[in-house]
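Report on the structure
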Amino acid sequence: MKHPFSRFFTSGEKEIQEDGFEFEATDEIREAYREEIQQIPVASIVPNPFQPRTVFRQEKIEELARTLHTHGLIQPIVVRRRDEETYELIAGERRFRAVQLLEWETIPAILKNFNDAETASVALIENLQREELSPIEEALAYNKLLELHELTQEALAQRLGKGQSTVANKLRLLKLPQEVQEALMQKAITERHARSLIPLKNEERQLVLLAEVLEKELNVKQTEERVAKILEDAQEKKKPRRKAFSKDMRIAVNTIRQSLSMVSDSGIALNTEEEEFEEYYQFTIKIPKKNK
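The structure presented is a predicted model; accordingly, all values stated were derived computationally and were not measured.

Brief notes about the overall build of the protein chain
Counting its regular elements, the protein chain contains 12 helices and nine strands. Going through the 292 residues of the protein chain one by one, you find that 40% of them count as buried. Once local pairs closer than 6 in sequence are excluded, the contacts in the protein chain between residues at least 24 apart make up 65%. For the protein chain, the accessible surface area stands at approximately 18200 Å², while carbon and sulfur atoms represent 47% of it.

Considering the sheet that holds strand β4 (residues 45–46)
Whenever strands of a sheet pair, they do so through backbone hydrogen bonds, lying parallel or antiparallel. The strand order across the open sheet formed by five strands is β3-β7-β5-β6-β4, and the pairing between neighbours is mixed. The two strands at the open ends of the sheet, each matched to only one other strand, are β3 (38–41) and β4. When β4 meets strand β6 (residues 87–91), the two strands line up parallel, connected through two bridges. Opposite Val-46, over in β6, you have Glu-88 as the bridge partner. In the packing of helix α3 (residues 93–102) onto the sheet, contacts are made with β4, β5 (77–81), β6 and β7 (106–111), and the angle to β6 comes to roughly 125°.

What to know about unusual backbone geometry
Non-glycine residue Lys-201 carries a positive phi angle of around 65°. Along the polypeptide, Lys-201 turns up in the loop between α9 (191–197) and α10 (203–216). The phi dihedral of Glu-217 is positive, around 55°, even though this residue is not glycine. By the element assignment, Glu-217 lies in the loop between α10 and α11 (220–238).

A look at the pattern of salt bridges
Close approach of charged atoms lets side chains of opposite charge pair. For the coordinates displayed, the defined rule picks out seven salt bridges. The shortest N-O distance in the salt bridge between Asp-233 and Lys-229 comes to 2.9 Å. A residue pair is termed a helical-turn pair when its members lie 3 or 4 positions apart in one helix, as Asp-233 and Lys-229 do in helix α11 at four residues. Given a relative accessible area of 40%, Lys-229 falls into the partly exposed group. Here the salt bridges share partners, and the residues they tie into one network are Lys-170, Glu-191 and Arg-195.

Section: the packing of helix α5 (residues 135–149) against helix α7 (residues 164–172)
For the pair α5 and α7, the least separation of the axes is 8 Å and the interaxial angle reads 110°. Viewed along their axes, α5 and α7 adopt a mutual orientation that is roughly perpendicular. Facing α5, whose interface residues are Pro-135, Glu-138, Ala-139, Tyr-142, Asn-143 and Leu-146, α7 presents Val-167, Lys-170 and Leu-171. Of the residues belonging to the contact of α5 with α7, the class tally is six nonpolar, one polar and two charged.

Let's talk about the side chain of Asn-48
By the secondary structure assignment, Asn-48 is in the loop between β4 and α2 (58–71). With a relative accessible area of 6%, Asn-48 lands in the buried category. Here the side chain of Asn-48 touches Ile-90 through a polar contact of 3.4 Å, landing on its backbone oxygen.

Details of the environment of Glu-36
Mapping Glu-36 onto the fold places it in the loop between α1 (27–34) and β3. Overall, Glu-36 belongs to the exposed group, its relative accessible area being 66%. Not counting residues within four places of it along the chain, the set of residues in contact with Glu-36 comprises Ala-109 and Ile-110.

Here we look at the pairing of strand β8 (residues 271–276)
Examined bridge by bridge, β8 and strand β9 (residues 281–286) share six bridges and lie antiparallel to one another. Note on β9: the bridge partner recorded for Glu-276 is Tyr-281. Adjacent in sequence and paired antiparallel, β8 and β9 are bridged by four residues.

Let's talk about the side chain of Ser-44
By the secondary structure assignment, Ser-44 is in the loop between β3 and β4. Here Pro-41 takes part through its backbone oxygen, which lies 2.7 Å from a polar atom of the side chain of Ser-44. Here Ser-44 is in contact with Glu-85, Thr-86 and Tyr-87, once residues within four sequence places are set aside.

Quick notes on the rules
- Residues numbered from 1 in each chain as written.
- Predicted model: local features only at pLDDT ≥ 70, side-chain atom pairs only at ≥ 80, totals over all residues.
- Heavy atoms only, no water.
- Helix = DSSP H or I, 4+ residues; strand = E, 2+ residues; numbered from the N terminus.
- Buried < 20%, exposed > 50% of the residue type's maximum accessible area, 1.4 Å probe, protein only.
- Contact = heavy atoms within 4.5 Å.
- Areas by Shrake-Rupley, 256 points an atom, 1.4 Å probe, with all protein chains shown as cover.
- Pairing = 2+ DSSP bridges.
- Axes fitted to C-alpha atoms, helices over the stretch in contact; angles between N-to-C directions.
- Salt bridge = Lys/Arg side-chain N within 4 Å of Asp/Glu carboxyl O.
- Parallel < 35°, antiparallel > 145°, perpendicular 65-115°, else oblique.
- Nonpolar A, V, L, I, M, F, W, Y, C, P; charged D, E, K, R; others polar.
- Polar contact = N/O pair within 3.5 Å; in protein donor to acceptor, adjacent residues only side chain to side chain.

In structure tokens, the structure reads:
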């Protein structure tokens, strides 16, 4: 039986222009664009709660708005009905924002009868295929698709046409502290910077090093070297340190050992135990009253 998730994926031709960007259309998206277009009041449309993109560059929205003002809207947005008076956006967030900026009263839209899982899948996959998401947004999209369709990382990678390691590396970013994720979202650091912090595991160490990276503008190689040094120092601290003994102490210990050896050589069966503690050496000597 064909997995319901698979219908959102295809290796078809790149044939749809969205907000000035060409992306690989899925069967579902191509079907949507073939359907009847309706004029829907802009004020009655609410954002998609499953939208993976959280950062929108205002200058790009303004640029798109100028294009729409000159040439009009070529591709309609896709919505679903939420109630009698409200529609929920499925695809076309940037176009919708540009139209709001232009203060249009209506916008060309295609009405789809999608459930939550289908709505989320279309929004997530549409954005993933356009390859404009930040690494964190992409990781969140992968994670949401895994939850929605109960897929393994390997199965998700196959359906997206990506390597499993690519998916796994993106998902690991979600284990980083929120401050690191935010720095990556704002492009204060690169994805390689962020990934290099993962081996530290300790959140405090990761945040301290993040501050150092930002303050000193460390490149990726320098960051990796700092991580290696931090891990090396941490490993050294775990090793028990033996206190150095003075020359007199070593002479005393060796003298006792030689004395015990001489007694044993005389035929007395000594029972001795030698223990080393943080502050001292301890010899326990048991001398039998009768030789057996």
